Amino acid sequence: MLSAGIVIPGFVLIGVAFIGIGVALFVTSQNIQVLERDYTGVESNSSCFKCKDPKVKNCNCTVDFSLSKLFEGPVFFYYGLSNYFQNYRTYGNSKDANQLTDTFTLYQLINGKRVEVPFDGKGISWWTDYNIKYRNPSVIPLRNAFNGTVKPLFWPRPAYELDPTDPSNNGFINQDFLVWMRRSALPDFRKLYRRITEGDYAKGLPAGNYSLEIRYNYPVLAFKGSKKVVFSNISWMGGKNQFLGIAYLVIGSMCVVMSLVMLIVYAKFKFPDEE
């Protein structure tokens, strides 16, 4: 049978444990580096301002930024959207004919020269999506499976030519397509585009000046959306997430407070047989 001598110390131990975990999670999250840049093109002085008009085709713009210190690797590069609802049933059934198709190339500026930063796009999708959920038609060549179809409005290439450099990365098992089709529950989200893990950038992005070249294919102002790119690294707990640490701290503090309340109540109203 539970007694005050068991419950109160139990609440204290649970509270202290949760507070300790919360502090560790919060401090770790604070040490994760994150760099965000908006490229919607709303501001008139933005390089992407000219691209916000849907009538403008094959529009390219750049986003420049500087790093004052090493952005430790491995670095994960995401694109983000806001006010975009992927959780509609009709969206999932349609496989989204207006898929976000912006493409990115990152350069480091060294002594007036642009040095391309290598991107790693292999294995960025979920294993189950690539191996189970989505499959290409068993038609060779693949383009014959798409006879009688047309390319979606904002796609730069048809589905069977999404990756001209890798024939196995086309159609419904294209890595970028699979990442995009992993639907987000909330209207503001970000999705993994590439990893930076190779060559001179295996340890991260060195301090210096960078230029991100964007092929702006998908306008978003029609539905009052916005777009951004995000550079981030990770820790043992994953990406930056302050909520998890705060949640542990709050629950731990509540347990400690409750144990004090129970101790006061017990000391004041304890039964005679418990003395």
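These notes cover the structure that comes with them. Small disclaimer: the values here were computed from a predicted structure and weren't measured. Residue positions are counted from 1 within each chain, in the order its sequence is given. Totals for whole chains, interfaces and linings use every residue, but because this is a predicted model, local features are given only for residues with pLDDT of at least 70 and side-chain atom pairs only at 80 or more, for both listing and counting. Working from all heavy atoms in the structure, the side-chain values ignore hydrogens and water.

### Quick word on the nonpolar core
Okay, step 1: What is meant by a nonpolar core is a set of buried Ala, Val, Leu, Ile, Met, Phe, Trp, Tyr and Cys residues, joined one to another through side-chain atoms within 4.5 Å. Each residue's exposure class comes from its accessible area (1.4 Å probe, protein chains only) as a fraction of the maximum for that residue type: buried when under 20%, exposed when over 50%, partly exposed otherwise. If you look at the biggest cluster of nonpolar residues, it comprises 48 residues, and the most contacted ones within it are Phe104, Leu106, Leu205 and Phe231.
Okay, step 2: Those elements that place two or more of their residues in this core are strand E2 (59-67), strand E4 (75-82), strand E5 (103-110), helix H4 (175-181), strand E7 (189-196), strand E9 (208-216) and strand E10 (226-232).
Okay, step 3: Secondary structure is summarised from DSSP: a helix means a run of H or I of at least four residues, a strand means a run of E of at least two, and numbering begins at the N terminus for each. Of the residues forming this core, the biggest block, 6 residues, is contributed by E4.

### Details of the layout of surface pockets
Okay, step 1: Here the largest pocket defines a volume of roughly 840 Å³.
Okay, step 2: Note on definitions: the grid is 1 Å and covers protein atoms alone; a cavity is a set of points where a 1.4 Å probe fits but cannot get out; a pocket is an open set with protein on both sides within 12 Å along at least five of seven lines; lining residues have an atom within 4 Å of a point. Surrounding the largest pocket, 35 residues form its lining, Leu162, Asp163, Asp176, Tyr193 and Arg194 being those nearest its centre.
Okay, step 3: Mapped by element, the contributors of at least two residues to the lining of the largest pocket are E5, H4 and E7.
Okay, step 4: Asp, Glu, Lys and Arg are counted as charged, while Ala, Val, Leu, Ile, Met, Phe, Trp, Tyr, Cys and Pro are counted as nonpolar; the rest, among them Gly, fall into the polar class. Residue composition of the lining of the largest pocket, by class: 16 nonpolar, 10 polar and 9 charged.
Okay, step 5: Grid points are joined across faces, edges and corners, and a volume is the space filled by probe spheres set on the points. Its volume calculated, the second largest pocket comes out at about 480 Å³.
Okay, step 6: Forming the boundary of the second largest pocket are 19 residues, of which Tyr78, Phe189, Arg190, Lys191 and Leu192 lie nearest the centre.
Okay, step 7: Counting only elements with at least two residues in the lining of the second largest pocket, the list comes to strand E1 (34-38), E4 and E7.
Okay, step 8: Ranked by residues supplied to the lining of the second largest pocket, first place goes to E7 with 4 residues.
Okay, step 9: A breakdown of the residues in the lining of the second largest pocket according to their chemical character gives 8 nonpolar, 3 polar and 8 charged.

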